[in-house]
Amino acid sequence: MKIGYIRVSSKEQSTDRQFVRLVDVCDKIMVEKISAKNINRPVYQQTIKRLRKGDTLVILSIDRAFRNTMDALGEVEKLRTRGVHFQIINLAI
């Protein structure tokens, strides 16, 4: 299963740009409206817990899911050890 994660920093921001790019790629899309600086991101945590071996976490760009590159690398390594794949649409990886 491919699960997309969409995040915007505030409730006023639109998720449309991310949604349009992920909707045809993902089986399910999770949406969160909260700053990435916030350590407690409940939808992100729910998304990560939902992923099973063989699943793929799909995001549009690194800054939509992670605070910085080091944060991204750490999270991706945790997913990899669980057998979860990772896809970044804007980087074609």
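Just so it is clear, the structure is predicted and the values come from calculations on it, not from any experiment.

1. Digging into helix α3 (residues 69–81)
Helix length check: α3, at 13 residues, gives a terminal C-alpha distance of 18 Å against a target of 18 Å (1.5 Å per residue), a fit within 8%. Of all the residues in α3, the buried ones are Asp71, Ala72, Glu75 and Leu79. Buried residues in α3, looked at end-on, bunch into an arc of 95 degrees, giving them a common side. Pointing more than 90 degrees away from the buried face of α3 are the exposed residues Thr69, Met70, Leu73, Arg80 and Thr81. N-capping of α3 is provided by Asn68, with a side-chain oxygen placed 3.1 Å from the backbone N of Met70.

2. Let's talk about the pairing of strand β3 (residues 56–59)
Residues Thr56 and Val58 of β3 are buried on one face, and the alternating residues Leu57 and Ile59, pointing to the opposite face, are buried as well. Here β3 runs beside strand β4 (residues 85–88); their pairing, made up of four bridges, is parallel. Pairing of Val58 across the sheet is with Gln87, part of β4. The handedness of the β3 to β4 crossover, carried by α3, is right-handed.

3. Some thoughts on the packing of aromatic side chains
Taken as a whole and judged by the stated rule, the model has three aromatic pairs. Consider the rings of Tyr5 and Tyr44, whose centres lie 5.2 Å apart with planes at 75 degrees: the pair is edge-to-face. Residue Tyr5 is located in strand β1 (residues 2–8), and its partner Tyr44 is located in helix α2 (residues 42–50); the two are separated by 39 residues in the primary sequence. The buried category is assigned to Tyr44, whose relative accessible area is 2%. Following the ring pairs from residue to residue traces out a cluster consisting of Tyr5, Tyr44, Phe66 and Phe86. One Lys or Arg, Arg41, reaches over the ring of Tyr44 and ends 4.5 Å from the middle of that ring.

4. Considering α2
Along α2, the positions that sit buried rather than exposed are Val43, Tyr44, Thr47 and Ile48. All buried residues of α2 lie within an arc of 135 degrees about the axis, which places them on one face of the element. In the core, the buried residues of α2 are packed alongside β1, β2 (28–33), β3 and α3.

5. Quick notes on the nonpolar core
The biggest cluster of nonpolar side chains holds 15 residues, and the ones touching the most others in it are Tyr5, Ile48, Leu51, Leu57, Ile59, Phe66 and Leu79. Broken down by secondary-structure element, the contributors of at least two residues to this core are β1, α2, β3 and α3. With three residues, α2 is the single largest residue contributor to this core. Among all residues touching Leu51, those that are not within four sequence positions of it are Ile3, Thr56, Leu57, Leu79, Arg82 and Val84.

Cut-offs used in this document
Residues numbered from 1 in each chain as written. Predicted model: local features only at pLDDT ≥ 70, side-chain atom pairs only at ≥ 80, totals over all residues. Heavy atoms only, no water. Helix = DSSP H or I, 4+ residues; strand = E, 2+ residues; numbered from the N terminus. Expected span 1.5 Å × (residues − 1). Buried < 20%, exposed > 50% of the residue type's maximum accessible area, 1.4 Å probe, protein only. Arc of directions from axis to C-beta. Polar contact = N/O pair within 3.5 Å; in protein donor to acceptor, adjacent residues only side chain to side chain. Pairing = 2+ DSSP bridges. Right-handed = clockwise from strand over helix to strand, strands pointing away. Phe/Tyr/Trp six-rings, centres within 6.5 Å; stacked < 30°, edge-to-face > 60°. Lys NZ or Arg CZ within 6 Å of the ring centre and 35° of its normal. Contact = heavy atoms within 4.5 Å. Core = buried A, V, L, I, M, F, W, Y, C linked by side-chain atoms within 4.5 Å.

Structural measurements only, silent on function.
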